[in-house]
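# Analysis of the macromolecular model
Okay, here's what each chain looks like letter by letter:
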Amino acid sequence: DLETAKMLKKITGSQIAVCGPHPSAINNEVLRHDFIDFVLIGEMELTALELSNRLQSGGPFTGIKGLAYRSPNGDIITEERRPLIQDLDSIPYPEREGLPLKEYRVAGYRPPVLFMYSSRGCPFKCNYCLWPQTMYSPGSYRMRAPDNVVREIKHAVERYGPFNSIYFDDDTFNIDKERMMLFADKIRGAGLRI
């Protein structure tokens, strides 16, 4: 990832932002690379949106929760962590246009594979688990409504499909049996042949 970011910076001169568990856990170390301009800490959607708006307006980066960056004099600034998004259904579907969706692969899943999220986090507080410790917060578990997830599947299948597999990249996808049964009913009710 660092080599790709370095190459992109060299070729385009663009500002580079990174996110994910590694940069979230050690943003100071990541920002020591001069080709990285920003680290989006934890859940990145709202931080990325606010950063984009500030870049377009030319405003300062101070006060953007969930952002780490270098000040004009080179000091690394880490703003306070952004609160978690409680209503995951409020997040728009990902923009998949132009992505090589037919090339996405996951071991054990027949391609092409549609990547989905239906929840974030985990209600347990295992201290060895990476994602809840770095991206969210231990014990936080938020779910999308099954109707919303099925609408997104239907949208993706109709617009970008067909797909042979759907990979749910949730931390704990099937933790709530009642929700899983409702989800299965909603898929059947939507007439999806998946």
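Up top is the structure these notes are about.
The following refers to the structure shown. Nothing here was measured: the structure is a model prediction, and the numbers come from that model.

Turning next to the side chain of Asn27. Locating Asn27 in the fold gives a position in helix α3 (residues 27-30). Residue classification places Asn27 among the buried positions, given a relative accessible area of 9%. Non-local contacts of Asn27, meaning those with residues more than four positions away in its chain, are made with Val39, Ile41, Ala68 and Thr78.

Moving on, we get to unusual backbone geometry. Here the amide bond leading from Pro111 into Pro112 is cis, since omega sits at -5°, within 30 degrees of zero. Locating Pro112 in the fold gives a position in the loop between β4 (76-78) and β5 (113-116). A cis amide bond links Gly161 with the next residue in sequence, Pro162, at an omega value of 5°. Along the polypeptide, Pro162 turns up in the loop between α6 (146-160) and β8 (165-168).

One broad trend across soluble globular proteins is that nonpolar side chains are buried collectively. Ranked by internal contacts, the top residues of the largest apolar core, which has 14 residues, are Met116, Ile153, Phe168 and Phe183. Listed by contribution, the elements that provide at least two residues to this core are β5, α6, β8 and α7 (177-189). Setting aside residues up to four positions removed in sequence, Phe168 forms contacts with Met116, Ser118, Val149, Ile153, Phe173 and Phe183. Of all hydrophobic cores here, the second largest spans ten residues; its members include Val18, Val30, Leu31 and Ile36.

Note on helix geometry: an α-helix contains 3.6 residues per turn, so any two residues three or four positions apart are oriented the same way. Between the first and last C-alpha of α7 there are 18 Å, a value that for 13 residues agrees with the 18 Å anticipated at 1.5 Å per step. On the buried face of α7, the contacting elements are β6 (119-121), β7 (141-143), α6 and β8. Between the side-chain oxygen at the start of α7 and the backbone nitrogen of Glu178 there is a gap of 3.1 Å, and the oxygen is on Asp176. Positive backbone phi, approximately 70°, marks Gly191, located one or two places after α7.

Reading guide: rules and limits
- Residues numbered from 1 in each chain as written.
- Predicted model: local features only at pLDDT ≥ 70, side-chain atom pairs only at ≥ 80, totals over all residues.
- Heavy atoms only, no water.
- Helix = DSSP H or I, 4+ residues; strand = E, 2+ residues; numbered from the N terminus.
- Buried < 20%, exposed > 50% of the residue type's maximum accessible area, 1.4 Å probe, protein only.
- Contact = heavy atoms within 4.5 Å.
- Core = buried A, V, L, I, M, F, W, Y, C linked by side-chain atoms within 4.5 Å.
- Expected span 1.5 Å × (residues − 1).
- Polar contact = N/O pair within 3.5 Å; in protein donor to acceptor, adjacent residues only side chain to side chain.

Don't take any of this as a statement about function, it's just geometry.
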